[in-house]
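Spelled out, the chains give:
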Amino acid sequence: MNSLQLRYNFLHIFYFFSICSVNGFTAVFLQNKGMSNTLVGLAMGIGSMLSIAAAPVFSSVLENIKGITIKKLILIVYSVQFAVYLSMAFLNLPVWIILPVYMVMMSSVIAVTPLLSMICMNYASKGYDIDFGTARGLGSLSYAIAAVLLGQISKIWTPDYLALAFLAAGLCMFLVLFSMPDSDIQVMNEKMDEKNPGSGKKDRSSILYVIKTYKVFFLFLLGFGMIYAGVSALGTYLVNIVTSLGGDTSLYGIALFCMAASELPVMAATGKLIKRFGSERLIIAAAVFYLFRNFIICLAPSIPILLIGMMCQGASYGLFTAVITNYVRSHLPEKHGLAGQNLISIMSTGLGCSSGSILGGVLIDAFGFTGLKLFALALTVIGCSIMLAAAFHVLSKERATKTRVRMVYAKAQRA
């Protein structure tokens, strides 16, 4: 393993440890500050929505402010969040201040995710051999370990110490970032402008332009966003499903560890799988496993069956995340790469997570867990259908093209 790959792996490890201390323990931290379940759900939903705005803002900063690289932007964002999180944890602030500030902090941390993907894409464009799947898989494993450790810290001491964990993981991120070459998207795009003066910055960074131009890519994300809404609705209240089957919060924590850890082997093998089967076939596989995952979780009669469904996380979410990131690098030009990565976050953690979290709570209050499960299953079926239709459309076009090429070659041979 080369030195840059090793550092990129550690970047993901420390980032996902830090994000677990924020997103993974939102309810624990905010309830410790005296907030109700309603306010916690509101914080999670609106925080995810705000990430939709944060991602394009970060993209605009990189495009328009001279000298700002992805690495520098991450350092700035995390430096601000250190002060914010520590203040909320250890100062006696009122709820009406903590709630909006926490939403903004959560959205900013989520919006860093596509920047890590863009670092990989930029290094690859310069000839570095970087495997995103392995790094992302190690990030999932780090998240799983963090969930166990931070859960114990919150139980033994106080949830306020989550801010210290965020600080420690963020400082480790800084050390890794300082050791890595700059990912100079600004310089790269300026060179493109010199070669093609007619291409404007608005064209490069516009997410709407990416949606209009790369329709298959958007259909993949549209389907994924709908599935992710169902997954978020189930995930927010998964502990209730576990307890209804006779489990407890301890078993729930172990199940989360197993679910996140299942992503590592799949993500690590994604690069080889793409070379063997192609992106579209793997997206089909991920969609099918999403059907298995959500149907098993919703219909599980016992804890062992539920755990089987949760272990499908690697072959569904893990596989799709790694494949779609590589899809951006291989199917979208470099100038649209960051907009493509931002769109992934917007459709998943933005629209998908926020709508699933908010609507899931409403459905539980109105119809109970039966309504929640039906909502999640309906979104899963619709989302998978969109992904499958888009993937099979691409594969059918490829087969038609190969058939025409063989016919032309056969005619040329006969001639």
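Calculation notes
Residues numbered from 1 in each chain as written. Predicted model: local features only at pLDDT ≥ 70, side-chain atom pairs only at ≥ 80, totals over all residues. Heavy atoms only, no water. Helix = DSSP H or I, 4+ residues; strand = E, 2+ residues; numbered from the N terminus. Rg over C-alpha atoms; globule rule 2.2 N^0.38 Å. Contact = heavy atoms within 4.5 Å. Lys, Arg positive; Asp, Glu negative; His and termini not counted. Charge placed at Lys NZ, Arg CZ, Asp CG, Glu CD. Buried < 20%, exposed > 50% of the residue type's maximum accessible area, 1.4 Å probe, protein only. Core = buried A, V, L, I, M, F, W, Y, C linked by side-chain atoms within 4.5 Å. Patch = residues over 30% accessible without salt bridge, like charges linked within 9 Å, V, L, I, M, F, W, Y side chains within 5 Å. Areas by Shrake-Rupley, 256 points an atom, 1.4 Å probe, with all protein chains shown as cover. Salt bridge = Lys/Arg side-chain N within 4 Å of Asp/Glu carboxyl O. Axes fitted to C-alpha atoms, helices over the stretch in contact; angles between N-to-C directions. Parallel < 35°, antiparallel > 145°, perpendicular 65-115°, else oblique. Left-handed = near helix turned anticlockwise from the far one by under 90°. Nonpolar A, V, L, I, M, F, W, Y, C, P; charged D, E, K, R; others polar. pLDDT = per-residue confidence, 0-100. Phe/Tyr/Trp six-rings, centres within 6.5 Å; stacked < 30°, edge-to-face > 60°. Expected span 1.5 Å × (residues − 1).

## Observations regarding the overall build of the chain
Looking only at helices and strands, one finds 19 helices and 0 strands in the chain. Scaling as 2.2 N^0.38, a compact globule of 415 residues should have a C-alpha radius of gyration of about 22 Å, and the chain matches this with 22 Å. On the principal axes, the C-alpha backbone points of the chain span a range of 80 × 50 × 40 Å. Counting only contacts in the chain whose residues sit at least 6 apart along the sequence, the fraction spanning at least 24 positions is 87%. For the chain, the separation between the mean place of its 30 positive charges and that of its 16 negative charges on side chains is 9 Å.

## A word on the side chain of Thr 321
Mapped onto the elements, Thr 321 comes out in helix H18 (residues 313–331). A residue is classified by how much of its surface remains accessible, and Thr 321, at 11% relative accessible area, is buried. Ignoring any residue separated from it by four or fewer positions in sequence, one finds Thr 321 in contact with Phe 132, Arg 136 and Met 267.

## Some details on the nonpolar core
Ranked by size, the top nonpolar core spans 96 residues in total, and within it Ile 74, Tyr 78, Tyr 85 and Phe 217 carry the most contacts. No other element matches helix H19 (residues 337–414), which puts 13 residues into this core. Ranked by size, the runner-up nonpolar core spans 14 residues in total, among them Val 242, Ile 303, Leu 306 and Leu 377.

## What to know about a positive patch on the surface
There is a patch of like positive charges on the surface, built from Arg 281, Arg 399, Lys 402 and Arg 406. Looking at which element gives the most residues to the positive patch, the answer is H19, with 3 residues. For Arg 281, the location among the structural elements is in helix H16 (residues 279–299).

## Some words on the packing of H16 against helix H17 (residues 303–310)
With their axes 8 Å apart at the nearest point, H16 and H17 run at an angle of 160 degrees to one another. With respect to H17, the axis of H16 lies roughly antiparallel. The crossing of H16 and H17 is left-handed. Contacts between H16 and H17 involve Arg 293, Ile 296 and Ile 297 from the first element and Ile 305, Leu 306, Ile 308, Gly 309 and Met 310 from the second. Taken together, the residues of the contact of H16 with H17 sort by class into 6 nonpolar, 1 polar and 1 charged.

## Comments concerning the confidence of the model for the chain
Mean pLDDT over the chain stands at 80; residues scoring 70 or higher make up 90%. Scored below 50 in pLDDT, residues 185–204 makes 36 contacts in the model with residues more than four places away or belonging to other chains.

## Quick notes on a nonpolar patch on the surface
A grouping of Phe 90, Ile 156, Trp 157, Tyr 161 and Leu 164 is seen on the molecular surface, where their side chains present a nonpolar patch of about 530 Å² in accessible area. Following the sequence through the fold, Ile 156 ends up in helix H7 (residues 132–156). The exposure class of Ile 156 is exposed, given its relative accessible area of 55%.

## So, the packing of aromatic side chains
Scanning the entire structure with this criterion turns up 19 aromatic pairs. Ring geometry for Tyr 15 versus Phe 16: centroids 5.1 Å apart, planes at 80 degrees, classification edge-to-face. Its relative accessible area of 8% is what places Phe 16 among the buried residues. These aromatic residues form a ring-pair network of at least three members: Phe 29, Tyr 78, Phe 82, Tyr 85, Tyr 102, Phe 166 and Phe 174.

## What about helix H4 (residues 70–90)?
The end-to-end C-alpha distance of H4 is 30 Å, a good match for the 30 Å that 21 residues give at a rise of 1.5 Å each. When H4 is considered as a whole, its buried residues turn out to be Ile 70, Lys 71, Leu 73, Ile 74, Leu 75, Val 77, Tyr 78, Gln 81, Phe 82, Tyr 85, Met 88 and Ala 89.

## Details of the environment of Ser 232
One can find Ser 232 in helix H12 (residues 215–236). Separated by 71 residues in sequence, Ser 232 and Tyr 161 place their C-alpha atoms 26 Å apart. Once residues within four sequence positions are removed from consideration, Ser 232 is found in contact with Gly 352, Cys 353, Gly 356 and Ser 357.

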